[in-house]
Amino acid sequence: MISWRVSDSAEAIRGELRAWLAANPPPTATRDSSLESFVTVGREWQRQLSGGRWLGLHWPIEFGGRGLTLVEEAVVQEELGRIGSPQVLGLFGLTMVGPVLITHGTDTQRRRFLGSILSGKEIWCQGFSEPGAGSDLTAVSLKCEAVVDPTGGEGFRLNGSKIWTSFAHIADWCFLLGRTGRGDRPHDGLSYLLVDMKSPGITVRPLRQISGEEEFNEVFFDGVFVPRGHLVGEVGKGWAIALTTLLYERVVLTFARHVQSERVLHELLNPAFQARMSDSDRAELASHVATFNAIRALAYHHVASYAGGGSPGPEGSIDKLLWSESFQQLADFRLRLEGANAIISEDDSAHSLRYLYSRGRTIAAGTSEIQRSIIAERLLGLPRLVMGPSRQTPMKSSATT
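What counts and what doesn't
- Residues numbered from 1 in each chain as written.
- Predicted model: local features only at pLDDT ≥ 70, side-chain atom pairs only at ≥ 80, totals over all residues.
- Heavy atoms only, no water.
- Core = buried A, V, L, I, M, F, W, Y, C linked by side-chain atoms within 4.5 Å.
- Buried < 20%, exposed > 50% of the residue type's maximum accessible area, 1.4 Å probe, protein only.
- Helix = DSSP H or I, 4+ residues; strand = E, 2+ residues; numbered from the N terminus.
- Contact = heavy atoms within 4.5 Å.
- Axes fitted to C-alpha atoms, helices over the stretch in contact; angles between N-to-C directions.
- Parallel < 35°, antiparallel > 145°, perpendicular 65-115°, else oblique.
- Left-handed = near helix turned anticlockwise from the far one by under 90°.
- Nonpolar A, V, L, I, M, F, W, Y, C, P; charged D, E, K, R; others polar.
- Pairing = 2+ DSSP bridges.
- Salt bridge = Lys/Arg side-chain N within 4 Å of Asp/Glu carboxyl O.
- Phe/Tyr/Trp six-rings, centres within 6.5 Å; stacked < 30°, edge-to-face > 60°.
- Lys NZ or Arg CZ within 6 Å of the ring centre and 35° of its normal.
- Patch = residues over 30% accessible without salt bridge, like charges linked within 9 Å, V, L, I, M, F, W, Y side chains within 5 Å.
- Areas by Shrake-Rupley, 256 points an atom, 1.4 Å probe, with all protein chains shown as cover.

**So, the nonpolar core**
So, step 1. Counting residues in each nonpolar core, the largest one holds 39 residues, and the members touching the most others are Leu49, Trp54, Trp124, Phe175, Tyr192 and Leu194.
So, step 2. Elements with a contribution of two residues or more to this core: helix H1 (8-23), helix H2 (35-51), helix H3 (70-82), helix H4 (91-104), helix H5 (107-119), strand E4 (173-179), strand E5 (190-196) and helix H6 (238-268).
So, step 3. Per-element tally for this core: the top contributor is H4, with eight residues.
So, step 4. The contact partners of Tyr192, leaving out residues within four places of it in the chain, are Val100, Phe128, Phe175, Leu176, Leu177, His230, Leu231, Val232, Gly238, Ile241, Ala242 and Thr245.
So, step 5. Cys144, Ala146, Phe156 and Leu158 belong to the second-largest nonpolar core, a separate cluster that totals 18 residues.

**Some points on the packing of H3 against helix H8 (residues 279-305)**
So, step 1. H8 packs onto H3 with a crossing angle of 150° between their chain directions and a minimal axis gap of 8 Å. With respect to H8, the element H3 is oriented roughly antiparallel. As H3 packs across H8, the resulting crossing turns out to be right-handed. Counted together, Leu70, Val71, Ala74, Val75 and Glu78 of H3 and Arg296, Tyr300, Val303 and Ala304 of H8 form the full contact between these two elements.
So, step 2. Grouping the amino acids of the contact of H3 with H8 by side-chain chemistry returns seven nonpolar, no polar and two charged.

**Focus: the pairing of E4**
Remember that side chains alternate between the two faces of the sheet whenever the strand is regular.
So, step 1. Judged by how many residues are buried, E4 sits mostly within the fold: seven of seven residues are covered.
So, step 2. Side-chain alternation along E4 places Trp173, Phe175, Leu177 and Arg179 on one buried face and Cys174, Leu176 and Gly178 on a second face that is also buried.
So, step 3. Bridging between strand E1 (residues 124-127) and E4 involves four bridges; their strand directions are parallel. By the bridge assignment for E4, Gln126 is matched with Phe175.
So, step 4. Pairing between E4 and E5: seven bridges, direction antiparallel. Bridge pairing in E5 places Gly178 opposite Ser191.

**Quick notes on the pattern of salt bridges**
So, step 1. Tallied over the entire structure, the rule returns 19 salt bridges.
So, step 2. Note that Glu122 is salt-bridged to Arg112, the shortest N-O span being 2.9 Å. With Glu122 in the loop between H5 and E1 and Arg112 in helix H5, this residue pair connects regions lying ten residues apart in the sequence.
So, step 3. On the accessibility criterion, Arg112 (38% relative accessible area) is partly exposed.
So, step 4. Through salt bridges with shared partners, one network takes in Glu11, Arg14, Arg18, Glu78, Glu79, Arg82, Glu262 and Arg296.

**Topic: the packing of aromatic side chains**
So, step 1. The full count for this structure, using the stated rule, is twelve aromatic pairs.
So, step 2. Ring centres of Trp20 and Trp54 lie 6.3 Å apart, and the angle between their planes is 55°; this geometry places the pair in the tilted category. Here the residue Trp20 occupies a position in helix H1, and Trp54 occupies one in the loop between H2 and H3, the gap between them amounting to 34 residues. The two residues Trp20 and Trp54 agree in class, both being buried.
So, step 3. Seen in terms of ring centroids, Trp164 and Phe216 are 6.2 Å apart; in terms of plane orientation they differ by 85°. Their pairing is edge-to-face. With Trp164 in the loop between strand E3 (155-162) and E4 and Phe216 in strand E7 (residues 216-227), this residue pair connects regions lying 52 residues apart in the sequence.
So, step 4. Judged by relative accessible area, Phe216 falls into the buried class, the value being 17%.
So, step 5. Taken together, the ring pairs connect Phe113, Trp124, Phe128, Trp173, Phe175 and Tyr192 into an aromatic cluster.
So, step 6. The positively charged end of Arg66 is found above the aromatic ring belonging to Trp54, 4.2 Å away from the centroid.
So, step 7. The ring of Phe220 has Arg205 lying over it, and the distance from NZ or CZ to the ring centre is 4.7 Å.

**Focus on unusual backbone geometry**
Trans is the common state for peptide bonds, and a negative phi is the common state for residues other than glycine.
So, step 1. If you check the backbone angles, Trp164 has positive phi at about 60° while not being a glycine.
So, step 2. Positive phi values are uncommon outside glycine, yet Phe167 reaches one of about 60°.
So, step 3. Mapping Phe167 onto the fold places it in the loop between E3 and E4.

**As for the side chain of Arg334**
So, step 1. By the secondary structure assignment, Arg334 is in helix H9 (residues 316-338).
So, step 2. For Arg334, a relative accessible area of 6% corresponds to the buried category.
So, step 3. Sequence-distant contacts of Arg334, defined by excluding residues within four places in its chain, comprise Val264, Glu267, Leu268, Phe273, His351 and Arg354.

**Examining a nonpolar patch on the surface**
So, step 1. On the surface, a cluster of nonpolar side chains totalling about 270 Å² of accessible area is made up of Leu379, Leu380 and Leu382.
So, step 2. Its location among the elements puts Leu379 in helix H12 (residues 368-379).
So, step 3. Overall, Leu379 belongs to the partly exposed group, its relative accessible area being 34%.

Spelled out as structure tokens, the structure:
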């Protein structure tokens, strides 16, 4: 595959990391298909990387980072993909909560949470989706309420539920949107809260996936107390902060997900494996390699544009859309090449599970349909359409997730 060369400073980081990885190889999963193994290995690997200061490189030095840019962050992810690195466990904290607290949090919140996010000591889950809200988080249907504590406590009482909450069953904390009021616009009255998952009144129910694993969960809140100090930003102004979260998710977290695609491609590019391919298989593989490198080049272009101090914007929806759909196609190709062995062979069971996992990538972090709407409205300036029974009515563009 293509070897990218970026700035001299980023290439220096690449060389430093390669030397560190040679002396500090990642832990190995005993069973790639096991969620339990994923959690154990991911936690240990995050601890190692954090100890070497290889996480949060773009974070300010005073918060445990190196004060670099997202380009250096991307180079680290690229090198981890090159060696077939396992995924660190605390991606939500590293790529979303951390940047949000650095930008919008209080000094107390930064001191309390940033160190444990980097080390993986505390794992975070994301409480945005709700059973009736779908992919439109700004809709009136977002009902999880956070009302001022009627008992007089300095905080809020949280009632409602969230769904599709990845790793809620192992998470220590949850960042979520709660409705503290209503206004003229659907997203008015949403507040951004940090919730201790050990709080009384929280019930977590795993959702078994088609793969047999239970990565996703339903989370129920019954009068859960959230201290005022765990409110990020102002009451009712959480939507703007949530947008920061989502933009980082679609740029930074998506780049981290490229590791998954690269791992599959490394398997396919093994000469011994290619010897089993037909000419048409090799042609399709070449197409996947070209697609991967084109998406990687675009992602690098986007992260490089933030090097001067900017923050991720809606162009992250392009990265997320292209990666998630290409990963599905790549996982499908890998499964087809394996044939029946992917189902009946225990050694190759990871291929079938990866294929099943890939199906959800075009839903998580905003569906492909939502991403296309964002691209159309925010990047191309197209009007939003209101779909009716007999007509399509253009209206002024508005924020969606």
